[in-house]
Amino acid sequence: MASVELKSQKEIDQLRVACQMAADTLLRVGDLLRAGMTTDEIDRFVHEDTVRRGARPAPLNYHGFPKSVCTSINEVVCHGIPGPRRLADGDIVNVDVTTVAQGFHGDTSATFYIGKPSAKARHVTEVARKSLDLAIAEVREGARLGDIGAAIQGYAEGNGCSVVRAFVGHGIGRRFHEPPQVAHYGVRGAGLRLKAGMVFTIEPMINVGDYEVDVLDDGWTAVTRDGSLSAQFEHTIVVTRDGCEVLTARERPLALSEGL
Ligand code: MF3
Ligand code: CO
Ligand code: CO
């Protein structure tokens, strides 16, 4: 992965603008979610909230994706397409917002609780949340991509869950997806050495059951092969000399998710 770009301070400042828009849109999604709401209503909200900021929703028409946001319910791992399905009491739903502002992308997602979650739903969601936090704590100049993967895999598997292999985090900038690929499993001390100015996402998808996924006939919706629940959180981060900055950090806790 020789082609990992190092962003300049100016580019990082531009990325932060896009990332903060995505983070704020995601916060507002949390305020809006209700049992009975359709995922198309989430899509419409994200589209309008993004455009209102003078930005553009990156998913729309990305390799033919038909909507402005991904909404992934229960056994859907990622890339769920909004539609007429209504959120139901007990569902978990990941909403993945990617905003393009002034040509730069900001990518962030969270899993929300609709009504009262089952013990399994709560477990997988909290394991996914914590595994992202542990991964972020690994990031600094000189650390390795394998340190990130190992932190996630060790925590998730240690708590009886599995880590999806088929989708990875990614470098991000003027392009939605660019090098490096950031696996959410791996070996400590292995892999690319991180440098200050690298910008990438970490977005672990954690399953209650096995890690295998299938993609439905719509060409997008990824589901767990065994039908088990799956949860995901995503941040966009920039590596610094002594750690990292979470460019998609939120200004307040998420409704229907954090601290429940
Ligand atoms: N936001 C997703 C990611 O985290 C990518 C979605 S691609 C789309 O990388 F086309 F489905 F929107
Ligand atoms: Co991403
Ligand atoms: Co995303």
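Here the structure is a predicted model, which is why all the values come from computation and not from measurement.

Draft legend 1. Just the pattern of salt bridges, in detail. One pass over the full model with this rule turns up 15 salt bridges. The partner of Asp24 in a salt bridge is Arg28, with the nearest N and O atoms 2.9 Å apart. With a gap of 4 residues between them, Asp24 and Arg28 both fall in helix 1 (residues 9-32), about one helical turn apart. Overall, Asp24 belongs to the buried group, its relative accessible area being 18%.

Draft legend 2. Representation of the coordination of the cobalt ion (ligand 2). In this structure, Asp107 (OD), His170 (NE2), Glu203 (OE) and Glu234 (OE) serve as the protein donors to the cobalt ion (ligand 2), at separations of 2.0 to 2.2 Å. Classification of the site at the cobalt ion (ligand 2) rests on its 6 donor atoms, whose angles at the metal span 51 to 161 degrees, yielding the label irregular. All donors of the cobalt ion (ligand 2) belong to a single chain; written as a sequence motif, their spacing is D-x62-H-x32-E-x30-E.

Draft legend 3. Examining the nonpolar core more closely. With 47 residues, the main nonpolar core has Ile148, Phe200 and Ile202 as its most contacted residues. If you list the elements that add at least two residues to this core, you get helix 1, helix 2 (39-52), strand 4 (92-101), strand 5 (104-113), helix 3 (119-138), helix 4 (145-158), strand 9 (199-202) and strand 14 (235-240). What Ile148 contacts, discounting residues up to four positions off in sequence, is Ala135, Glu138, Val139, Val182, Leu194, Phe200 and Ile202. One finds Leu15, Cys19, Ile172 and Leu247 within the second-largest nonpolar core, a separate group that totals 8 residues.

Draft legend 4. Focus on the coordination of the cobalt ion (ligand 3). For the cobalt ion (ligand 3), the full set of protein donor atoms is Asp96 (OD), Asp96 (OD), Asp107 (OD) and Glu234 (OE), and the range of their distances to it is 2.1 to 2.4 Å. Every donor counted, the 6 donor atoms about the cobalt ion (ligand 3) form angles of 58 to 167 degrees at the centre, which fits irregular coordination. In the primary structure, the donors to the cobalt ion (ligand 3) are separated according to the pattern D-x10-D-x126-E. The cobalt ion (ligand 2) is placed at 3.3 Å from the cobalt ion (ligand 3), the two being bridged by Asp107. With Asp96 in strand 4 and Asp107 in strand 5, this pair connects stretches of sequence that are 11 residues apart. For Asp96, a relative accessible area of 10% translates into the label buried. Judged by relative accessible area, which is 2%, Asp107 ranks as buried.

Draft legend 5. Summary view of the site of ligand 1. Close to ligand 1 lie 14 residues, the nearest being Asp96, His170, His177, Glu203 and Glu234. His177 is positioned such that a nitrogen or oxygen atom in its side chain is 2.7 Å from an oxygen atom of ligand 1. In the complex, the protein chains occlude 97% of the 340 Å² of accessible area that ligand 1 would expose alone.

Draft legend 6. Seen up close, the state of the cysteines. What the rule picks out here adds up to 0 disulfides. Looking at the unpaired Cys70, the closest cysteine sulfur is the one in Cys78, lying at 7.5 Å. Among the cysteines around Cys244, which has no disulfide bond, Cys19 carries the closest sulfur, lying 12 Å off. Among the residues examined, Cys244 registers a relative accessible area of 24% and is labelled partly exposed.

Draft legend 7. A look at the pairing of strand 5. Most of strand 5 is tucked away: 10 of the 10 residues are buried. By the alternation rule, side chains of strand 5 split into Phe104, Gly106, Thr108, Ala110 and Phe112 and His105, Asp107, Ser109, Thr111 and Tyr113, which are all buried. As paired elements, strand 4 and strand 5 share 10 bridges and run antiparallel to each other. Residue pairing across strands places Ile92 opposite Tyr113, the latter belonging to strand 5. The turn linking strand 4 back onto strand 5 is made up of 2 residues, and Gln102 within it adopts a positive phi angle of 50 degrees.

Here is what the cut-offs are and how they apply
- Residues numbered from 1 in each chain as written.
- Chains lettered and ligands numbered in written order.
- Predicted model: local features only at pLDDT ≥ 70, side-chain atom pairs only at ≥ 80, totals over all residues.
- Heavy atoms only, no water.
- Salt bridge = Lys/Arg side-chain N within 4 Å of Asp/Glu carboxyl O.
- Helix = DSSP H or I, 4+ residues; strand = E, 2+ residues; numbered from the N terminus.
- Buried < 20%, exposed > 50% of the residue type's maximum accessible area, 1.4 Å probe, protein only.
- Donors = N, O, S within 2.8 Å, 3.2 Å for Na, K, Ca; no water.
- Tetrahedral: all angles 85-135°; square planar, octahedral: opposite > 155°, others 65-115°.
- Core = buried A, V, L, I, M, F, W, Y, C linked by side-chain atoms within 4.5 Å.
- Contact = heavy atoms within 4.5 Å.
- Near = heavy atom within 4 Å.
- Polar contact = N/O pair within 3.5 Å; in protein donor to acceptor, adjacent residues only side chain to side chain.
- Areas by Shrake-Rupley, 256 points an atom, 1.4 Å probe, with all protein chains shown as cover.
- Disulfide = S-S within 2.5 Å.
- Pairing = 2+ DSSP bridges.

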